[in-house]
Amino acid sequence: LSAPTAVAQGNYGPDSLPKSHKTKRGEWSEAHVRRVLRAFAYGGLASDAQIGTWGKMRPENAIRQMLTFDVNNERLSPAMDINAGKCGSLAAMQQFWSSDDAENPMPYADRRYYSELSGSNRMSDSNLQRTWTKAISTRGCNPFLHKVGLFLTNYHASISISNTRPALMRAYYDDYIASLAAGDDFVQVMTKGAQHAAVARAYRHQYNTYNAAGEFSGNEDFAREYLQLFFGIAGTTENPEYYETVAIKNNALLLTGMNLDRVPDAHGSVRTADWWASPIKFYNHVDESGRNVRNRALHYQSYLEDDSCIEVLHADICGKNAKQKLNRLGPVAASHPESLDYVPVAIVQFFADDRLTAKKARFIRELWLDANFDLLAFIRGYAISPAFHSPGTVKYFTSFERNLITQNASILDNEENFSKPVFYSPYARMRGQGVQVFEPVRNVFGHQTGLDAVADPYIFKDAFLQNTDNGRYHHLTSMKYRLEDGGPEYTFEKDWSQVIPVNADREYIVAEVADYLWRRFIGDDGKNFDTIARAQVYALLATGCDFGYLVDPDNPDPDAFYGTRDILGEHARASAVFHELAPKKMSFSITESNRRVGMAINFITMTPFAFAMEGE
């Protein structure tokens, strides 16, 4: 069968899984669940009880609950307040979090950092970026949906906020989220992206025209990038002359008549670059600024009474305007052999595996064919497959992933999420470690990868200094805030006893608390929690001091090291301290214990296992 015909064989509905190799129920556990959540949902915001329940379910049933494109996923991110009703768009979140609404949980002092406009009455890049970052750790919002949104806008069909300005960038992101939530398949989602005002503005094909004399004016930039970035077609399997002189040039003609409207004073901004509006209107009209926008008249062969047709990728693409033609081109591009090879592998490399083998790649491509462009079914099928959970799987975390996984594990509820001052947001940490949403480091070729992050010593250095010099980030135990100017002051008190379980004797034991924190922040069921790491975490939980200090408080070396053999018996004092610390009881009736948990988190999240994830 040819590749397009093979794709057509798929017959899986939106709530079914492709026929694929699946992890067997007896091999499925809580560790598998946490691995899925870390890869696809920044660790998620589910309760430990829910994670335990998923670990006992059949994998295919668990994954349907864990990964959905619903705006709200009650099991993955339980709603706690009115925020759940704002999670469908960054626009709604910005407008609510910057408002004086009586139910707005954002502290009054921080609301200006999430508003649409900056102090100079221009649409704010950084405020939009803070809003996306806050959404990831807001209970009620679906972090899986928003991670897929990041992939589409910052990695796959990547454009930069500097080329579009915040209003169009926000609309681009929000429209992808809405398309996914509506159940659109990959082709439909990409087609809506290709028709978007933000893309036309970024690539400037908003000015591409074709006049009655048969003359084209414009550029071929997006004609090429539509095929390469949206669908992974570089033309390597095509005749070079055909690809360059027919497919690319004709696609540029197809992308005519895509000019944007301008709305004076849009969003209250004084900057005219913020006045470009979405969506594109593909017909002739006068916009709100009085401009004559002739999108129908300036489209390819618009003078024909019937649809005009043009050949792209060996297919006649017909329609009265660019929107209609892009609707017809999408399935053709998605079924191209190069696209079928590239797209599924790119998705898996982004989410889950930086060490794909040829055998795994073949499986992934077969899974994509079976899914028949159903993006959700494809991701679900892969997420419960032995290909993902195999020992050879290694995923290096980007600065997005590592910081947001840690953030989601650390934040216990929405009061904490909102009462933490803005300078404690991962927004600042991530920017210092090379990433900020909507500012892809390679522009149209995408953002920082896990391999980028792991190869950059400065990213590690910054992360290390944040966890040591700015240690209060995770062991901040008390915060004061107001919800209105001059209003009453509220106090948030951190209480890890909300989630850390007691043992059968209703006690908190240092070794058991340490095991819990490792599972929560690393997710590997403790297999990498070695003796050296345990010694340090035990010491911090039991005393708030470094293990080396407890062994020899008079040693002036602040980094005195004791190895595994020392701790397990060869060094009498180190071994004695280790075995004394493990059974100690902790009390969460005082602030100090919560502070010590935060110190332990700072240590755990700087171990190598916080920077990467492996399979079995």
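Our structure is the block above this text.
Everything numeric here is computed off the predicted structure, so don't read it as measured data.

What counts and what doesn't
- Throughout, a residue's number is its position along its own chain's written sequence, starting from 1.
- Side-chain atom pairs in this predicted model are given and counted only at pLDDT of 80 or more, local residue features only at pLDDT of at least 70, and totals for whole chains, interfaces and linings cover all residues.
- With hydrogens and water stripped out, all remaining heavy atoms of the structure feed into the side-chain values.
- Each helix corresponds to a stretch of at least 4 residues labelled H or I by DSSP, and each strand to a stretch of at least 2 residues labelled E; elements are numbered beginning at the N terminus.
- We compute the radius of gyration over the C-alpha atoms and compare it with the globule rule, which gives 2.2 Å times the number of residues raised to the power 0.38.
- Relative accessibility thresholds used throughout: buried, under 20% of the residue-type maximum; exposed, over 50%; partly exposed, between the two (1.4 Å probe, protein chains only).
- Accessibility throughout is a Shrake-Rupley quantity obtained with a 1.4 Å probe, and a residue counts as covered only by protein chains that appear here.
- Residues counted as positive are Lys and Arg, residues counted as negative are Asp and Glu, and His and the chain ends are not counted.
- By convention, the point assigned to a charge is CZ for Arg, NZ for Lys, CD for Glu and CG for Asp.
- As a rule, the C-alpha atoms of each element are fitted with a line to give its axis, helices using only the stretch in contact, and angles between N-to-C directions run from 0 to 180 degrees.
- In these notes the angle categories are as follows: under 35 degrees is roughly parallel, over 145 is roughly antiparallel, 65 to 115 is roughly perpendicular, and the rest is oblique.
- Each crossing is labelled by how the near helix is turned from the far one, with a counterclockwise turn of less than a right angle marking it left-handed and a clockwise turn marking it right-handed.
- Here a residue-residue contact requires only that any non-hydrogen atoms of the pair lie within 4.5 Å.
- Three classes are used: nonpolar for Ala, Val, Leu, Ile, Met, Phe, Trp, Tyr, Cys and Pro, charged for Asp, Glu, Lys and Arg, and polar for all others, with Gly counted as polar.
- Polar contacts, as used here, are pairs of N or O atoms within 3.5 Å; protein pairs need one atom able to donate a hydrogen and one able to accept it. Residues neighboring in sequence count only if both atoms are side-chain atoms.
- Any two rings among Phe, Tyr and Trp, with Trp reduced to its six-membered ring, count as a pair given centres within 6.5 Å; such a pair is stacked if its planes are under 30 degrees apart, edge-to-face if over 60, and tilted if neither.
- Two conditions define a charge located above a ring, namely a distance within 6 Å from the ring centre to NZ of Lys or CZ of Arg, and an angle within 35 degrees of the ring normal.
- Side-chain atoms within 4.5 Å are what join buried Ala, Val, Leu, Ile, Met, Phe, Trp, Tyr and Cys residues into a set we call a nonpolar core.
- The criterion for strand pairing is that DSSP finds at least two bridges linking the strands in question.
- Both site types are read off a 1 Å grid over the protein atoms alone. A 1.4 Å probe that fits but cannot get out defines a cavity, while an open set with protein on both sides within 12 Å along at least five of seven lines defines a pocket; lining residues have an atom within 4 Å of a point.
- Grid points are joined across faces, edges and corners, and a volume is the space filled by probe spheres set on the points.
- A side-chain nitrogen of Lys or Arg and a carboxyl oxygen of Asp or Glu constitute a salt bridge if their distance falls within 4 Å.

Q: It is not clear to me how the overall build of the chain should be interpreted in this structure. Could you clarify?
A: Summing up its helical and strand segments, the chain has 30 helices and 12 strands in all. Computed over C-alpha atoms, the radius of gyration of the chain comes to 26 Å, within 12% of the 25 Å expected from 2.2 N^0.38 for 616 residues, which places it in the range of a compact globule. Seen along its three principal axes, the alpha-carbon backbone of the chain occupies a region of about 90 × 65 × 40 Å. Within the span of the chain, comprising 616 residues, buried residues form 58% of the whole. Here the chain displays about 24300 Å² of accessible surface, and carbon together with sulfur accounts for 50% of that area. Mean positive and mean negative side-chain charge positions of the chain (64 and 74 charges, respectively) differ by 1 Å.

Q: Would you take a moment to explain the packing of helix H26 (residues 531-543) against helix H30 (residues 591-604) for this structure?
A: A pair of packed helices is characterised by two quantities: the angle between their axes and the separation of those axes. Running from amino to carboxyl end, H26 crosses H30 at an angle of 160 degrees, the nearest separation of the two axes being 7 Å. The orientation of H26 relative to H30 falls into the category roughly antiparallel. The two elements H26 and H30 cross, and the hand of that crossing is right-handed. Touching Ala 533, Gln 536, Val 537, Leu 540, Leu 541, Ala 542 and Thr 543 of H26 are Arg 596, Val 597, Met 599, Ala 600, Phe 603 and Ile 604, all from H30. Its residues placed into classes, the contact of H26 with H30 shows 10 nonpolar, two polar and one charged.

Q: I keep staring at the environment of Lys 147 and nothing clicks. Help me out?
A: Looking at the element boundaries, Lys 147 is found in helix H7 (residues 143-156). Taking the C-alpha atoms as reference, Lys 147 lies 19 Å from Leu 168; in sequence the two are 21 residues apart.

Q: Explain the side chain of Lys 395 to me, please; I cannot follow it from the model alone.
A: Inspection of the secondary structure puts Lys 395 in strand E7 (residues 394-396). Within the structure, the side chain of Lys 395 is placed 2.9 Å from the side chain of Glu 401, a separation counted as a polar contact. Ignoring sequence-local partners within four residues, the contact set of Lys 395 consists of Gln 349, Phe 350, Phe 351, Ala 352, Asp 353, Asp 354, Glu 401, Ala 612 and Met 613.

Q: Please clarify how the packing of aromatic side chains should be interpreted in this entry.
A: For any two aromatic rings, the description comes down to two numbers: the centre-to-centre distance and the angle of the planes. Under the definition given, this model contains 34 aromatic pairs. Their ring planes at 85 degrees and their centres at 6.1 Å tell us that Trp 97 and Tyr 114 sit as a pair that is edge-to-face. Taken together, the residues Trp 97 in helix H5 (residues 90-97) and Tyr 114 in the loop between H5 and helix H6 (125-136) connect sequence positions 17 residues apart. On the basis of an interplanar angle of 45 degrees and a centroid distance of 5.5 Å, the ring pair of Tyr 382 and Phe 388 is categorised as tilted. Accessibility classification places Tyr 382 together with Phe 388 in one group, the buried group. Lys 134 extends its terminal NZ or CZ atom over the ring of Phe 418, reaching a point 5.4 Å from the ring centre. One residue, Lys 147, lies across the ring of Tyr 42, its end atom 4.9 Å from the ring centre.

Q: I would appreciate a short explanation of the nonpolar core in the present structure.
A: Taken as a class, soluble globular proteins show a tendency for nonpolar side chains to be buried jointly. Within the largest apolar cluster, 125 residues are counted, with the highest numbers of intra-cluster contacts made by Phe 40 and Phe 230. For Phe 40, the contacting residues outside a window of four places in its chain are Leu 67, Phe 144, Lys 147, Phe 351, Ala 352, Ile 379, Tyr 382, Ala 383 and Phe 388. Membership of the second largest hydrophobic core comes to 43 residues, among which are Ala 514, Ile 567, Ala 600 and Met 606.

Q: How should I be thinking about the pairing of strand E6 (residues 315-319) in this particular structure?
A: Summarising burial for E6: four of the five residues are buried, a large majority. When strand E5 (residues 308-312) meets E6, the two strands line up antiparallel, connected through five bridges. Following the sheet pairing, Cys 309 is matched in E6 by Cys 318. Hairpin remark: E5 followed by E6, antiparallel, with two residues in the connecting loop; positive phi at Leu 313, about 55 degrees.

Q: Sorry, what's going on with the layout of surface pockets here?
A: Over the atoms rolls a probe the size of a water molecule, and its path tells where empty space is left. Approximately 790 Å³ is the volume attributed to the largest pocket. Forming the walls of the largest pocket are 30 residues, and the residues nearest its centre are Phe 464, Gln 536, Leu 540, Asp 546 and Phe 603. Contributing elements (two or more residues each) for the lining of the largest pocket: helix H23 (457-468), H26, helix H27 (547-551) and H30. It is H26 that contributes the most residues to the lining of the largest pocket, five residues altogether. The residue inventory of the lining of the largest pocket, partitioned by class, reads 18 nonpolar, nine polar and three charged.

Q: Where do I start with the pattern of salt bridges in this structure?
A: Once their charged atoms are close, side chains differing in charge can pair, the charge on each being opposite to the other. Applying the stated criterion across every chain yields a total of 27 salt bridges. Notably, a salt bridge pairs Arg 224 with Glu 244, separated by 2.8 Å at the nearest N-O pair. Highlighted residues: Arg 224 in helix H12 (residues 221-230) and Glu 244 in helix H13 (residues 240-254), separated in sequence by 20 residues. Judged by relative accessible area, which is 28%, Arg 224 ranks as partly exposed. By relative accessible area, which is 35% here, Glu 244 ends up partly exposed. Of the charged contacts, one joins Asp 515 and Arg 534 as a salt bridge, the two residues approaching to 2.6 Å between their closest N and O atoms. Of this pair, Asp 515 sits in helix H25 (residues 510-522) while Arg 534 is found in helix H26, placing the two residues 19 residues apart along the sequence. Several salt bridges share partner residues, and in doing so they unite Glu 30, Arg 34, Asp 48 and Arg 520 into one network.

Q: I tried to follow helix H10 (residues 186-194) on my own but got confused; where do I start?
A: Owing to its 3.6 residues per turn, the α-helix brings residues three or four apart onto one side. By the criterion of burial, H10 is predominantly enclosed, with seven of the nine residues buried. Here H10 has its buried residues at Phe 186, Val 187, Val 189, Met 190, Thr 191, Gly 193 and Ala 194. One side-chain oxygen at the N-terminal end of H10 lies 3.1 Å from the backbone nitrogen of Val 187; it belongs to Asp 185.

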